[in-house]
Amino acid sequence: SRALHVPDGAGVEARLYKLVLYEPDGHFKPHTDTEKEPGMFGTLVVQLPVAGGHKGGQLMVSHHGQRWTWG
């Protein structure tokens, strides 16, 4: 797992902007997020566990030439 290290008192918070659900064989094209609020610096992705386990698919994140893949 990757950790986000935030100095004490930095005032970082997560705000729900959009909930995206994918159907089987669904996908999201590679893109760069745009700032939704002043000071936004990233996107938090939460992948919930699924009954019966995960079957197929991957989560791919890339940033500054680096790529991470889960799944």
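Owing to the predicted nature of the structure, the values given are computational and were not obtained by experimental measurement. (Residues numbered from 1 in each chain as written. Predicted model: local features only at pLDDT ≥ 70, side-chain atom pairs only at ≥ 80, totals over all residues. Heavy atoms only, no water.)

Draft legend 1. Highlighting the overall build of the protein chain. When helices and strands are counted, the protein chain shows 0 helices and 2 strands. Counting only residues that meet the buried cut, the protein chain has 0% of its 71 residues in that class. Surface accessibility of the protein chain: about 7400 Å² in total, with carbon and sulfur atoms responsible for 55%. (Helix = DSSP H or I, 4+ residues; strand = E, 2+ residues; numbered from the N terminus. Buried < 20%, exposed > 50% of the residue type's maximum accessible area, 1.4 Å probe, protein only. Areas by Shrake-Rupley, 256 points an atom, 1.4 Å probe, with all protein chains shown as cover.)

Draft legend 2. Broad picture of unusual backbone geometry. The phi dihedral of His-64 is positive, around 50°, even though this residue is not glycine. The residue His-64 is located in the loop between β1 (59-63) and β2 (66-70) in this model. By relative accessible area, which is 73% here, His-64 ends up exposed.

Draft legend 3. Fine view of the pairing of β2. Two elements, β1 and β2, share 5 bridges in a ladder whose sense is antiparallel. Bridging across to β2, Val-61 finds its partner in Trp-68. Where β1 folds back on β2, the antiparallel hairpin that results is connected by 2 residues, among which His-64 adopts a positive phi of roughly 50°. (Pairing = 2+ DSSP bridges.)

Draft legend 4. Here's a closer look at the environment of Phe-28. Among the secondary structure elements, Phe-28 is positioned in the segment before β1. You can call Phe-28 exposed: its relative accessible area is 51%.

Draft legend 5. Region of interest: the environment of Ala-14. Position of Ala-14 relative to the elements: it lies in the segment before β1. Considered as a pair, Ala-14 and Gly-42 are 28 residues apart in the sequence and their alpha carbons are 9.7 Å apart.

Draft legend 6. Quick look at a nonpolar patch on the surface. Side chains of Val-6, Val-12 and Phe-41 sit close together on the surface and give an oily, nonpolar patch of about 280 Å² of accessible area. Within the fold, Val-6 resides in the segment before β1. (Patch = residues over 30% accessible without salt bridge, like charges linked within 9 Å, V, L, I, M, F, W, Y side chains within 5 Å. Salt bridge = Lys/Arg side-chain N within 4 Å of Asp/Glu carboxyl O.)

Draft legend 7. Molecular detail of the pattern of salt bridges. Summed over the entire model, instances satisfying the criterion amount to 2 salt bridges. Notably, a salt bridge pairs Arg-15 with Glu-13, separated by 2.7 Å at the nearest N-O pair. Assigned by exposure class, Arg-15 and Glu-13 land together as exposed. With a shortest N-O distance of 2.5 Å, Arg-15 and Glu-37 are connected by a salt bridge.

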